[in-house]
Amino acid sequence: MIFEVWIMFSAAAFLNIISPGPAILLAISNGIASGSKAVIASSVGNVAGLFILSTVSMFGLGLILQTSAVLFTVLKFIGAGYLIYLGIKKFRSTDIFFTDDNLKSSEKIEFFKKLKEAFIVAITNPKAILFFIAFFPIFMDTNSPVLSQFVIMTLTFMSISFLSLVTYGLIAKSARHWFKNKKIVNIFHKVTGGIFIGFGVALLQVKNS
């Protein structure tokens, strides 16, 4: 892959990745509520999901998803349903993390639980598969080996995503001192829950054409 093309791809991927979405919101929420371990776990889960979606696209399964209205709708409802479930769960949450004891205990989270949560958010988003189908070919040279280009772009996309999510999450963690008031914590749960529900409803509006 030509270096100049890789630079352009990286810049375009970066602009897309840093745009607010469910993965970023989840990283921010985990950073504030659970700390750095949860941020790392959700970031790993997200990039693992991205790797699966990229592989699906590479093997042409994404084209099947693009042309099959039934399959697309099923996956869309699963993804939207999970986002709405997370939203309701967070909206109704009574967890508190504004005392020093809770801040310390929140670090002892289940790593794989947070990883799985982020992985499901990533893997059940059909829009991401369509994005890979539409976005990657723009930067590919059909006269060069396609597989190596795809691997380079996938690893680049995953790396930028991971760094972006970790950055968002750790910045959010640094703001935890703002959440020493129970009312603010309750507002935080309501706002993040409402946004997750909003993302889920928005996903229901996505079409595969």
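Residues numbered from 1 in each chain as written. Predicted model: local features only at pLDDT ≥ 70, side-chain atom pairs only at ≥ 80, totals over all residues. Heavy atoms only, no water.

> Please clarify how the overall build of the protein chain should be interpreted in this entry.
Along the protein chain, the regular secondary structure elements total 10 helices and zero strands. In sequence order, the secondary structure elements of the protein chain are arranged as α-α-α-α-α-α-α-α-α-α. Relative to its 209 residues, the protein chain shows a buried fraction of 43%. The long-range share in the protein chain, meaning contacts at least 24 apart out of those at least 6 apart in sequence, stands at 88%. Of the roughly 11100 Å² of accessible surface on the protein chain, 71% is carried by carbon and sulfur atoms. (Helix = DSSP H or I, 4+ residues; strand = E, 2+ residues; numbered from the N terminus. Buried < 20%, exposed > 50% of the residue type's maximum accessible area, 1.4 Å probe, protein only. Contact = heavy atoms within 4.5 Å. Areas by Shrake-Rupley, 256 points an atom, 1.4 Å probe, with all protein chains shown as cover.)

> In this structure, what is going on with the side chain of Thr124? I would like to understand it.
Mapping Thr124 onto the fold places it in the loop between α7 (111-123) and α8 (126-135). At a separation of 2.6 Å, a polar atom in the side chain of Thr124 contacts the main-chain carbonyl oxygen of Ile120. In this structure Thr124 touches Leu75, Ile78, Gly79 and Leu203, once residues within four positions along its chain are discounted. (Polar contact = N/O pair within 3.5 Å; in protein donor to acceptor, adjacent residues only side chain to side chain.)

> Would you mind going over a nonpolar patch on the surface with me for this structure?
Together, Met58, Phe59, Leu147, Val151 and Leu155 line one region of the surface with nonpolar side chains, adding up to about 490 Å² of accessible area. The biggest single contributor to the nonpolar patch is helix α9 (residues 146-174), with three residues. Here Leu155 lies in helix α9. Taking the relative accessible area as the measure of exposure, Leu155 reaches 47% and is therefore partly exposed. (Patch = residues over 30% accessible without salt bridge, like charges linked within 9 Å, V, L, I, M, F, W, Y side chains within 5 Å. Salt bridge = Lys/Arg side-chain N within 4 Å of Asp/Glu carboxyl O.)

> Can you help me understand the environment of Ile88 in this one?
Positionally, Ile88 belongs in helix α5 (residues 69-91). Relative accessible area serves as the criterion here: at 39%, Ile88 is assigned to the partly exposed category. The spacing of Ile88 and Gly194 is 106 residues in sequence and 7.7 Å in space, taken between C-alpha atoms.

> Any chance you could explain the nonpolar core here in plain terms?
Within soluble globular proteins, side chains that are nonpolar generally end up buried alongside one another. With 19 residues, the main nonpolar core has Phe9, Ala13, Phe132, Phe135, Phe136, Met153 and Phe157 as its most contacted residues. Here the element with the most residues in this core is α9; it accounts for five residues. For Phe157, the contacting residues outside a window of four places in its chain are Phe9, Ala13, Asn16, Ile17, Leu50, Phe131 and Phe132. (Core = buried A, V, L, I, M, F, W, Y, C linked by side-chain atoms within 4.5 Å.)

> Please clarify how the packing of aromatic side chains should be interpreted in this entry.
Here a ring pair, both rings aromatic, is described through the centre-centre distance and the interplanar angle of the planes. The tally for this structure, following the rule as stated, stands at nine aromatic pairs. Between the NZ or CZ atom of Lys190 and the centre of the ring of Phe91, over which it lies, the distance is 5.1 Å. (Phe/Tyr/Trp six-rings, centres within 6.5 Å; stacked < 30°, edge-to-face > 60°. Lys NZ or Arg CZ within 6 Å of the ring centre and 35° of its normal.)

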